[in-house]
Amino acid sequence: MSDRQYTVLLYSDDPEVRDRMRLAVGTRPAADLTVEFVDAASYDECIRLVDDYEIDLLLLDGEATPSGGLGIARQIKDDRDDAPPTCVVIARAADRWLAAYAQVDATLVHPLDPVTTGQTVAGLLRARANGASARS
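Note on numbering: residues in each chain are counted from 1, in written sequence order. Whole-chain, interface and lining totals are the exception, using all residues; otherwise, since this is a predicted model, local features are given only for residues with pLDDT of at least 70 and side-chain atom pairs are given and counted only at 80 or more. Only hydrogens and water are set aside; all other atoms, that is, all heavy atoms of the structure, feed into the side-chain values.

Undergrad: Looking at this structure, I do not really get the packing of helix 2 (residues 43-52) against helix 3 (residues 69-79). What am I missing?
TA: Axes are the key here: two packed helices are described by the angle between their axes and the distance separating the axes. Angles here are taken between N-to-C directions and fall from 0 to 180 degrees, while the axes themselves are lines fitted to C-alpha atoms, restricted in helices to the stretch in contact. In this text, helices come from DSSP runs of H or I with a minimum length of four residues, and strands from runs of E with a minimum of two, each type numbered from the N-terminal end. The N-to-C vectors of helix 2 and helix 3 enclose an angle of 35 degrees; their axes lie 11 Å apart at closest approach. As for how helix 2 packs across helix 3, the hand of that crossing is right-handed. For the pair helix 2 and helix 3, contact is made by Y43, C46, I47 and V50 and by I72, Q75 and I76, respectively. For this classification, Asp, Glu, Lys and Arg are treated as charged, while Ala, Val, Leu, Ile, Met, Phe, Trp, Tyr, Cys and Pro are nonpolar and the rest, including Gly, are polar. Of the residues assigned to the contact of helix 2 with helix 3, the class counts are six nonpolar, one polar and no charged. What makes a crossing left-handed is the near helix being turned counterclockwise from the far one by less than a right angle; a clockwise turn instead makes it right-handed. Whether two residues touch is decided by their heavy atoms; if any such pair falls within 4.5 Å, the residues are in contact.

So, in structure tokens, the structure goes:
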């Protein structure tokens, strides 16, 4: 897996949140994985990037406005048979039920812990590389 660079789409309307996501993941979330990032600040930009590029993982801000990451995750899962794995960053752990409804593969809670974030991202990327569904 170390030969391939994975592309992670960071979505939030707030550039500071995208920066925090980027820092929490890092360019090497695990010794065998290298990632590059593409940023989306709006719903339209997010959908365009998913449509036009090979995105390996969506890391979405569940608190973004006016389009939240949970809604975007659900729409992409509903509209695409080949949807990339999705991870949504939520503000409250109690919102995990909403994430389950949105069919996200994983959730993280603000503030992001770099160890947990790296492990989560690495697991989702490995599952995608192996052709498995990341959701249990």
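Undergrad: It is not clear to me how the environment of G123 should be interpreted in this structure. Could you clarify?
TA: Within the element layout of this structure, G123 appears in helix 5 (residues 114-129). Under the relative-accessibility criterion, G123 is labelled partly exposed at 35%. For the pair formed by G123 and A106, sequence separation is 17 residues and the distance between their alpha carbons is 9.8 Å. When a residue's accessible area, from a 1.4 Å probe over protein chains only, is under 20% of the maximum for its type it is buried; when over 50% it is exposed; and in between it is partly exposed.

Undergrad: Explain helix 1 (residues 15-25) to me, please; I cannot follow it from the model alone.
TA: Turn by turn, an α-helix covers 3.6 residues, leaving residues three or four places apart pointing in a common direction. Residues of helix 1 that are buried: V17, R18, M21, A24 and V25. Axial view of helix 1: buried residues confined to an arc of 125 degrees, hence all on one face. Helix 1 presents E16 and L23 as exposed residues on the side facing more than 90 degrees away from its buried surface. Close packing links the buried residues of helix 1 with strand 1 (5-11), strand 2 (34-40), strand 3 (57-61), strand 4 (86-90) and helix 5. Between N or O atoms, a polar contact is any pair within 3.5 Å; within protein, one atom must be a potential hydrogen donor and the other a potential acceptor, and residues adjacent in sequence are included only when both atoms are from side chains. For helix 1, the capping residue at the N-terminal end is D14, with a side-chain oxygen 2.8 Å from the backbone nitrogen of E16. Remark: G26 follows helix 1 within two positions and exhibits a positive phi of approximately 75 degrees. The directions considered for the arc are those from the helix axis to the C-beta atoms.

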